[in-house]
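Residue-level listing of the chains:
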Amino acid sequence: MAPTHVLRCCQRTLAWIPVIFIAAVVCWSYYAYVVELCLYTIISIGEKIVYMIFFHLFFIMFVWSYWKTIFIQPANPSKEFCLPKVEKERYEKEERPENQQEILWRAATSLPLYTRTGVGAIRYCDRCQVIKPDRCHHCSACDMCVLKMDHHCPWVNNCVGFSNYKFFILFLAYSLLYCLFIAATVLQYFIKFWTNELKDTHAKFHVLFLFFVAAMFCISILSLFSYHLWLVGKNRSTIEAFRAPVFRAGSDKNGFSLGFRKNIAQVFGDQKKFWLLPVCTSQGDGLTFPTRLVSADVEQQATVTLQQEPSKSAAEVPESPVSESQNRLLSSEQNANNVAEHQDNDTHTPAESETITISIESES
């Protein structure tokens, strides 16, 4: 049996075959369009110039974004998510799962974690020996934990995650525009060659095959691009679309959704002038993400705050962010309290004032 590292090396080498195939198709499409179509087939000088300008614009943006998607390394969890040496030794020696979870809970108290496993435990990667940050998953192909992992794409031989997700979206967008432009401009010459209106030359095969290839890639890329645009609008990854993240109060498929505009800004950034450029503008560090806090989290944070600072008054305690449903709930309770206080001021009944006092104490 061959050594494991030899098999691993062969696997990594074979993984570049899809990338080499795409690169070969792109190089051939450049030759077929620029040389065989524009130089040898098209007669009009003005048409040649216009076609060449737009073709090279789409070609450069497509290759640039594809390059960045391939060679930007996936972001990994920082050192703060690694267990201390003493705790890691205790974790490895411990045989009981509940005792291992106690070690992880103690180590995770100072970490910004909102998600849990399906049974409510701390998410830990035994392979990488790190506590997984929110939206982080282990990629078996890359053999590492990837921040905000979306999926492993064989066509780029890389894991698509926080560090290169914007580049992947732009790669799909510009590849779609590239194929659409080729198919639209080649169509009339495809028909002329097909109906024998043009003489049979060495360019005929390239023009006919170029249209078929561009149309085929258009169909396949369009469905994938549309799906990922939907994911961006919902602020979900491909993994989260199939398996909803689990929070303290349970699973919530919209747990990271902040609204359509803010969801887009999470991936493309705040400055719209950089949205169409394959440069890094994504918000955050990939370790923590803003969430729509569920009621259990808000209550837990409020309890911890009051326990840590008992001397502060209620007005000095900072308010925690709440979801839209909680805002409506709190506004309804506030309106009910206002009505009750108004009735109390009109009647000045001791019993009613005592009732209001009791209700406030029970809520706090």
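Above this note sits the structure.
Keep in mind it's a predicted model, so treat the numbers as computed, not measured.

Caption draft 1: Highlighting the packing of aromatic side chains. In total, this model carries 30 aromatic pairs according to the counting rule given. Pairing F205 with F209 gives two aromatic rings, centres 5.7 Å apart and planes at 5 degrees, and the pair type is stacked. One end of the pair, F205, and the other, F209, are both in helix α7 (residues 203–234), four residues apart, so they sit about a helical turn from each other. In this structure F209 comes out as partly exposed when scored by relative accessible area, which is 41%. Its guanidinium or amino end placed over the ring of F167, K68 lies 4.4 Å from that ring's centre, counting from NZ or CZ. Sitting above the plane of the F289 ring, R135 keeps its charged end 5.0 Å from the centroid.

Caption draft 2: Highlighting empty space enclosed by the protein. One pass over the full model with this rule turns up three cavities of 30 Å³ or more. By volume, the largest cavity is sized at about 60 Å³. For the largest cavity, the full set of lining residues is K148, G161, F162, Y165, K166, Q266, V267, S282, Q283 and F289. For the lining of the largest cavity, the secondary-structure elements that each account for two or more residues are α6 (165–194) and α9 (260–268). Class assignment for the residues of the lining of the largest cavity results in four nonpolar, four polar and two charged. Estimated volume of the second largest cavity: approximately 40 Å³. Residue composition of the lining of the second largest cavity, grouped by class: five nonpolar, four polar and one charged.

Caption draft 3: Quick look at the state of the cysteines. Under the defined criterion, the tally for this structure stands at zero disulfides. The thiol of C159 is not disulfide-bonded; the next cysteine sulfur, from C139, is found 3.6 Å away. Overall, the relative accessible area of 0% leaves C159 in the buried class. The closest cysteine sulfur to the non-disulfide-bonded C179 is located on C218, 4.8 Å from its own sulfur.

The rules behind these values
- Residues numbered from 1 in each chain as written.
- Predicted model: local features only at pLDDT ≥ 70, side-chain atom pairs only at ≥ 80, totals over all residues.
- Heavy atoms only, no water.
- Phe/Tyr/Trp six-rings, centres within 6.5 Å; stacked < 30°, edge-to-face > 60°.
- Helix = DSSP H or I, 4+ residues; strand = E, 2+ residues; numbered from the N terminus.
- Buried < 20%, exposed > 50% of the residue type's maximum accessible area, 1.4 Å probe, protein only.
- Lys NZ or Arg CZ within 6 Å of the ring centre and 35° of its normal.
- 1 Å grid on protein atoms, 1.4 Å probe; cavity = no way out; pocket = protein on both sides within 12 Å on 5 of 7 lines; lining within 4 Å.
- Points joined across faces, edges and corners; volume = space filled by probe spheres on them.
- Nonpolar A, V, L, I, M, F, W, Y, C, P; charged D, E, K, R; others polar.
- Disulfide = S-S within 2.5 Å.

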